[in-house]
Amino acid sequence: MSKVLVIGSGPIMIGQAAEFDYSGTQGCLALKEEGHEVILVNNNPATIMTDYDVADKVYCEPLTVASLEKIIAMERPDSLLAGLGGQTALNLAVELEKEEVLKKYDLTLLGTGISSIMQGEDRELFRALMNDLDQPVPESEVITTTEQARVFAAEVGYPIISRPAYTLGGRGGGIVHDEADLDELIATGLKASPIHQVIVEKSIAGFKEIEYEIMRDHKGTCISVCNMENFDPVGVHTGDSIVVAPSQSLTDDDYQMLRSASIKIVSALEVIGGCNVQLALDPVSKQYYVIEVNPRVSRSSALASKATGYPIAKMAAKIALGYTLDELENPLTGYTYASFEPALDYVVVKFPRWPFDKFPQADRSLGTKMRATGEVMAIDRTMEGAFQKAVQSLDTKIPEVDNHWYHLHQPTDLRFFAIYDLIRKGTSMDKIHQETQIDPLFLQVIRHLVDTEMALGTEGLSQPLLHQAKVYGFLDDHIAALAGCTTADVEEARREYDIQRSFKLVDTCAAEFEAATNYVYSTFAGMNEIAPLPSKGKKALILGSGPIRIGQGVEFDYSAVKAIESLQKQGWTTIMINNNPETVSTDYETADRLYFEPIQKEIIASIVEHESIDLVFPQFGGQTAINLAEDLEKAGLPLAGVRADVLDALEDRDKFYAALKKLGIPHVAGTTCHSKQEALEAADSYTFPLLCRPSYVIGGQGMVIVQDKQELEQALAESDDRHYPIVLDSLLQGAEVEVDLVSDGHSIYLPDIIEHIEPGGVHSGDSMAVFPSTLTDSLKQKIRTYSEKIAVEFTYCGLMNIQFLIQQDDVYVLEVNPRASRTVPIVSKVADIPMVDWAVRILTDDAEFSLSQQPDPIFQETAVKYPLFSSYAMTDLDHKLGPNMKSTGEGMCLGKTVEEALAKVFAHLPDLYDVKEACLVELEGRHVPEASDLPFEEWITKEDAAVYVNDQSGEEAEKRRITAVKNGLTVMSEAATFYAYVKGLECKDPVPVPLPQQSLEGVKSL
């Protein structure tokens, strides 16, 4: 048996998200399936990948060459797999080669070789290769100075596109419209590139953008797994574009021409495994250009895998071990081989999920730099149905659009909805096409949806029209609103006309071969082709959490997958519903059956009826699933561990505080307000500052701290009816802590307390935190007592998260989350206890399980959790910390001491004691002698400038923080964060430590 070191992609960030957790998990399991020992380095605690069911040893260590070399020296692996960890892992593989670490430890790189990676990623080498292959690329030049870019722009004319080398998500790149844009964008791009290299190219914005996902083995066999067509033309990053698979507007000649070009390029690069090729096609001629190649499993690989059912990462891992495509069986069909190109008899639509609902003040424009935090995928037999399902899956209110033509001229996240509105208003599709260059075929799909809306408003519920509306993906409550009737009327009409939802299979072969697949989608176009899943025991439906967004990330996928494993271990048949193509929960090998669908009451109810579900589990799908609980309960669906009256009692401030008063538990003063007038009147009885927030929100969305009544009036003026009821809370100063616990309604299991480093008022998702805590025993006991009283008072069963504020010896309750939380994976891994498994066993009344019999955890190390801010994608925002969560992901490092863990957290930053100009500190009333003494305007231009610390309020402070972000610097807006960084400098030589191995009974391997 050989030992393989796998590099993961690290914390979730814009441009590199959960798709690499999915790919990495598949790859690790494929390696283990072949008998290899897997050593994983990935400092993302939220993922299922960093679980001991996936790897044999897990290191949550910094993803740096120095850290990796220490682990390699300790573990002595035989080989390295870097192709599944995104751009982060790929860049590290190149650096390890340059530093001769691979040679020093005789380490074999599996899969695509370093020279091939460099040819694909280094812009100059790639352009030279394309010229050798006679593959057209846009007129371009590789530059290393702003002056070179200026000369190029003068020659070819504006606009030009900037693409930095070795970056992810278009980081540091963009469209340069004129000379005013050039200096800042080129400087940012050169700084973002690890090799200080940018390719500037003549813009071909407006061309069709097409992607091919290619697989190749070491013998040169090459197949196209999937091709995809962007709804948006070239000019919008593919991660920010709506994508349709397979391509819809290409002729067969176009398709074959671009497929042949993609295979020729991948073959010349000698890629071994998966590769993504992006091309641009002139819509009025056969002229095409090669945009770029990703010689690794990419964001699109996860989409292509879920769109086709072909497990790209799994096959890529086995190809990296030396297998050929014609030796590997496709597990979805059971007897076709991996060399068989998938065929689709349905259409797939991917729709990005942007963070602009949290940051309405941000610049919403889209370009070559990715802005989306996640994405949804929808499957149907019609494009209309797939588009509708995709929008329904976004889990956000359909936005109201003003200034429609602005969103068409300058692409924004609202462009699709602006087009919809303009067609509603009678604007010609020719005019929209001329402005956007979006293919008329896609505009026609939107036209069909608008026409159906109009007809429902005038014709009522005739059988043909109702059937067409359902084929086009309209939900019953939407149809009712358009037709001016009730949802019950629509349901009755559907029963009368026998218009029922059908279920169909994803089988990779367009039903050409019979396939025993468990991967399902619903449609109203065609006959039902699947029977309910046979079950020897009970059936469970697990609700997923939908797309990755700020405040609800991959940590909920971890809980959902662990719940599935636990249920399967108990003999339950498991069924998953989710719509996120990036996740392990939507791997068809995870649950016994997967429904790729919007998480909507109507669809959930139809699955429950079709499958005869015994129990629905909303507790592991974040706020998305919990918010559905009341509607599902009213519909008579059997819910596990959740009651609408309990949710209401915990969320409604008046009811919750009444319960706490009865229990003798102190709380922060606050009230629930159902109108603006009520909120203004309530504020008179409190002392400012106040925390103002909507109910039932994710990640503190809409939360603001108001310093006086004028600011409260302004905040209320900016809110609308959907934000109510609004909660007003007093904002106390103090330290914040939180707990994750398991409750059986009579007692709790609370492993330890998570202690925030930043003070109360900073959202828990944006705080650094220490686990286990350093609190006194008396404070710990008080928190345990309060937690148990709350859980028992509500006879709550399952996972619960409670947040507290500490002032000296006093403990106040802030809020309760009656569900799996963001920190459940961290607590589970560091305390080495299967929290989700225990919760599931309680929820299923497992007679063999007793919560009170579980042993206390033994902590070997201290963990520090830290937030990851994708500030490079939102450079116009002030990332000052507050109650509205801003981080896109989180990392974690372990150490024997807090200082050692902190040293690892900040390992990517310079030592301010060694490099004086590395850090500029502007803290209110404090002076740091080790930091730079230069004025901000001078310091920001220095090559050593790396960390800017500013906790001040006001326009000037905000402007400086934004300037620092635009210059690619680390910005700290809390003194506590800075002092944690300084504290970490006390440990000079941190030692890698793996996550603790499971000593208690866990759950079965995937």
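Rules and cut-offs
Residues numbered from 1 in each chain as written. Predicted model: local features only at pLDDT ≥ 70, side-chain atom pairs only at ≥ 80, totals over all residues. Heavy atoms only, no water. Pairing = 2+ DSSP bridges. Helix = DSSP H or I, 4+ residues; strand = E, 2+ residues; numbered from the N terminus. Axes fitted to C-alpha atoms, helices over the stretch in contact; angles between N-to-C directions. Salt bridge = Lys/Arg side-chain N within 4 Å of Asp/Glu carboxyl O. Buried < 20%, exposed > 50% of the residue type's maximum accessible area, 1.4 Å probe, protein only.

Draft legend 1. Quick peek at the sheet that holds strand β15 (residues 347-353). Taken together, 7 strands build an open sheet; the order of strands is β14-β13-β10-β11-β12-β15-β16 and the sheet is antiparallel. Sheet topology places β14 (288-294) and β16 (374-380) at the edges, where each strand pairs with a single neighbour. Each neighbouring strand pair of the sheet contributes to a mean axis angle of 25 degrees, computed without reference to strand direction. Relative to strand β11 (residues 222-230), strand β10 (residues 208-216) runs antiparallel, the two being bridged by 7 bridges. Bridge pairing links Glu211 to Met228 in β11.

Draft legend 2. Expanded view of the pattern of salt bridges. Counted by the stated rule, this structure contains 60 salt bridges. Between Lys318 and Glu34 there is a salt bridge; the shortest N-O distance is 3.0 Å. Placement of the pair is Lys318 in helix α11 (residues 312-320) and Glu34 in the loop between α1 (19-33) and β2 (37-41), with a sequence separation of 284 residues. Glu34 sits in the partly exposed class, given a relative accessible area of 27%. Taking the shortest distance from any N to any O, the salt bridge between Asp413 and Arg364 comes out at 2.8 Å. Highlighted residues: Asp413 in the loop between α13 (404-409) and α14 (415-424) and Arg364 in the loop between β15 and β16, separated in sequence by 49 residues. For Asp413, a relative accessible area of 8% gives the class buried. One continuous salt-bridge network, built from bridges that share partners, spans Glu33, Glu34, Lys314, Lys318 and Glu589.

Draft legend 3. Expanded view of unusual backbone geometry. Cis geometry marks the peptide bond from Tyr158 to Pro159, where omega comes out at 0 degrees. Structurally, the position occupied by Pro159 is in the loop between α7 (146-156) and β7 (160-164). In this chain, Phe688 is followed by Pro689 through a cis amide linkage whose omega measures 5 degrees. When you line up the elements, Pro689 lands in the loop between α26 (676-683) and β24 (690-694).

Draft legend 4. Spotlight on the sheet that holds strand β25 (residues 704-706). Reading across the sheet, the 4 strands line up as β23-β26-β24-β25 and stay open at both edges, with antiparallel pairing between neighbours. In this open sheet, the two strands that pair with only one neighbour each are β23 (670-673) and β25. Each strand of the sheet is rotated relative to its neighbour by a mean of 25 degrees, with strand direction disregarded. Pairing geometry for β24 and β25, over 3 bridges, is antiparallel. Opposite Leu690, over in β25, you have Val706 as the bridge partner.

Draft legend 5. Region of interest: the pairing of β15. In terms of burial, β15 is largely enclosed, as 7 of its 7 residues are buried. Residues Val347, Val349, Phe351 and Arg353 of β15 are buried on one face, and the alternating residues Val348, Lys350 and Pro352, pointing to the opposite face, are buried as well. As defined by bridge partners, strand β12 (residues 243-245) adjoins β15 across 3 bridges and the pair is classed as antiparallel. Looking across to β15, one finds that Val244 is bridged to Val349.

Draft legend 6. Structural view of helix α10 (residues 299-308). Where burial is concerned, most of α10 is hidden: 10 out of the 10 residues are buried. For α10, the complete set of buried residues consists of Arg299, Ser300, Ser301, Ala302, Leu303, Ala304, Ser305, Lys306, Ala307 and Thr308. In the segment just after α10, Gly309 is the residue with positive phi, at about 85 degrees.

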